[in-house]
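One-letter residues, chain by chain:
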Amino acid sequence: MAEEYRRGIIGAGRQDCSNMHYFGPGIRTIYIVHYIINGRGYFTRGSETWSVEKGESFVIRPFEQISYRPDSSDPWEYTWIEFTGKDHTEMLNRISFIRGDCVIGRIDREDILPLYDGLSGHREVLHGSFACSALALAILGVYADRYHKIGIHDAETSCFCAAKAMIQGNYHIPDFGLSSICSALGISRVTLHRDFVRACGSSPGAYLSAYRMERAKELLERGATVKAAAHSCGFSDQLYFSKAFRKFAGESPGGYGKRHRTVNAEQSDGGLFLQGRR
């Protein structure tokens, strides 16, 4: 994995195209991202052509028929990175595009050009350099932060993670429930249920109940009373808590606590005995 990471960055550089320098038609076998420092130009892939302006970027993928050229009245100057590594291509796949699937939106030069210049200044040691690989990832990360691709799965995962965090931070509150989550996140119960089932295979109600029961078990194992465990896990009715706990754990909370306190005491005695024989 370390060697794959080191091989990720292949090249970097900077080109002033006032002399009307162009490339193609041709095919490259690596990924290349160009950032336009000044001016404008045109990127062609297959039968489609896109205009790319100052602050924007365009992406070349392996084995695509491409060409690119500067605008005759305002020729571009650009900087670029070339890469093949898995980490870098995965980061590239997190970026959304404003035109086609190859033109990335505007990034202010002060936010990204120093990173490109950092790579261009180390061209002789690009291959095999952890530092240069990290700089390339940082460049792609700037794009991903600004133009993050939000797909259906990403949105569902984000909703699930936010709801799960709310449960873990509020399970001890008696009137905290699914309505609280939906209201805070601005989603419907249907959406909350769907995202939970897809993310973890459980309904949000079942997840909340199980989380409360697991925390109650931990408290009982540490010597908490049934009343204290119930109140600490969001149950104002101790009888209801006992019934729910028995259904979840297969025994009463009092019996569970007593059994685990006995086991812990035996393990503690055993540990002292073993320590005495060292």
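*Asks:* I keep staring at the pattern of salt bridges and nothing clicks. Help me out?
*Replies:* Side-chain pairs of opposite charge can arise where the charged atoms are in close proximity. Under the criterion given, the structure shown has 13 salt bridges. In this structure, the salt-bridge partner of Asp-117 is Arg-14, at a minimum N-O distance of 3.1 Å. Remark: Arg-14 occurs in strand β1 (residues 9-16) and Asp-117 occurs in helix α3 (residues 109-120); sequence separation between them is 103 residues. A salt bridge links Arg-99 to Glu-56; the nearest nitrogen and oxygen atoms lie 2.5 Å apart. Placement of Arg-99 in the loop between α2 (86-92) and β9 (103-104) and of Glu-56 in the loop between β5 (48-53) and β6 (57-60) is noted, with a sequence separation of 43 residues between them. Accessibility expressed as a relative area gives 9% for Glu-56, which makes it buried. Beyond isolated ion pairs, a larger network of salt bridges with shared partners links Arg-14, Glu-77 and Asp-117.

*Asks:* When you look at the sheet that holds strand β3 (residues 31-38) in this model, what are you seeing that I'm missing?
*Replies:* By way of backbone hydrogen bonds, the strands of a sheet pair with one another, either parallel or antiparallel. Strand order in this open sheet of 5 strands is β1-β8-β3-β6-β9, and the pairing throughout is antiparallel. Each edge of the sheet is formed by a strand with only one pairing partner; in this case those strands are β1 and β9. Looking at chain direction, β6 and β9 are connected through 2 bridges and run antiparallel. Counted as the bridge partner of Phe-58 is Val-103 from β9. Contacts from α3 reach β1, β3 and β8 (77-83) within the one sheet, and its direction differs from that of β1 by about 115 degrees. Across the sheet, helix α4 (residues 130-146) touches β1, β3, β6, β8 and β9, and the angle it forms with β8 is around 115 degrees.

*Asks:* How should I be thinking about the sheet that holds strand β7 (residues 65-70) in this particular structure?
*Replies:* If you trace the 4 strands from one edge of the open sheet to the other, you get β2-β7-β4-β5, paired in antiparallel fashion. The sheet is open, and its two borders are formed by β2 (23-27) and β5, each paired with just one other strand. Between one strand axis and the next, the sheet turns by 15 degrees as a mean value, whatever way the strands run. Relative to β7, β2 runs antiparallel, the two sharing 3 bridges. Note that in β7 the partner of Gly-26 across the bridge is Ile-66.

*Asks:* Honestly, the packing of aromatic side chains in this entry has me stumped. Any pointers?
*Replies:* Between two aromatic rings, the relevant description is the distance of the centres plus the angle of the planes. All told, the structure shown has 18 aromatic pairs when counted by the stated rule. Considering the side-chain rings of Phe-43 and Trp-50, the 6.2 Å spacing of their centres and the 25 degrees angle between planes classify their relative orientation as stacked. The class for Phe-43 is buried, based on a relative accessible area of 0%. The class of Trp-50 is buried, set by a relative accessible area of 9%. Both rings, one in Phe-235 and one in Tyr-240, keep their centres 6.1 Å apart while their planes meet at 40 degrees; by these two values the pair is tilted. Taken together, the ring pairs connect Phe-23, Phe-43, Trp-50, Phe-58, Tyr-68, Trp-76, Tyr-78 and Trp-80 into an aromatic cluster. One cation-aromatic arrangement involves Arg-28 over Phe-23; the distance from NZ or CZ to the ring centre is 5.5 Å.

About the criteria used
All residue numbers here refer to positions counted from 1 along the written sequence of the relevant chain. With the structure being a predicted model, the display of local features is reserved for residues of pLDDT at least 70 and the display and counting of side-chain atom pairs for 80 or more, all residues being used for whole-chain, interface and lining totals. Side-chain measures here rest on the full set of heavy atoms in the structure, leaving out hydrogens and waters. A side-chain nitrogen of Lys or Arg and a carboxyl oxygen of Asp or Glu constitute a salt bridge if their distance falls within 4 Å. Helix numbers and strand numbers start at the N terminus; a helix is a DSSP run of H or I with at least 4 residues, a strand a run of E with at least 2. Partly exposed residues are those whose accessible area sits between 20% and 50% of the maximum for their type, while under 20% is buried and over 50% is exposed, using a 1.4 Å probe and protein chains only. Should DSSP find at least two bridges between two strands, the strands are regarded as paired. Contacts between residues were defined by any pair of non-hydrogen atoms, one from each residue, lying within 4.5 Å. Note on geometry: axes are C-alpha line fits, over the in-contact stretch for helices, and angles between N-to-C directions span 0 to 180 degrees. Aromatic rings from Phe, Tyr and Trp, taking only the six-membered ring of Trp, are treated as a pair when their centres fall within 6.5 Å; an angle between ring planes under 30 degrees marks them as stacked, one over 60 as edge-to-face, and anything in between as tilted. Lysine NZ or arginine CZ positioned within 6 Å of the ring centre and within 35 degrees of the ring normal marks a charge as sitting over the ring.

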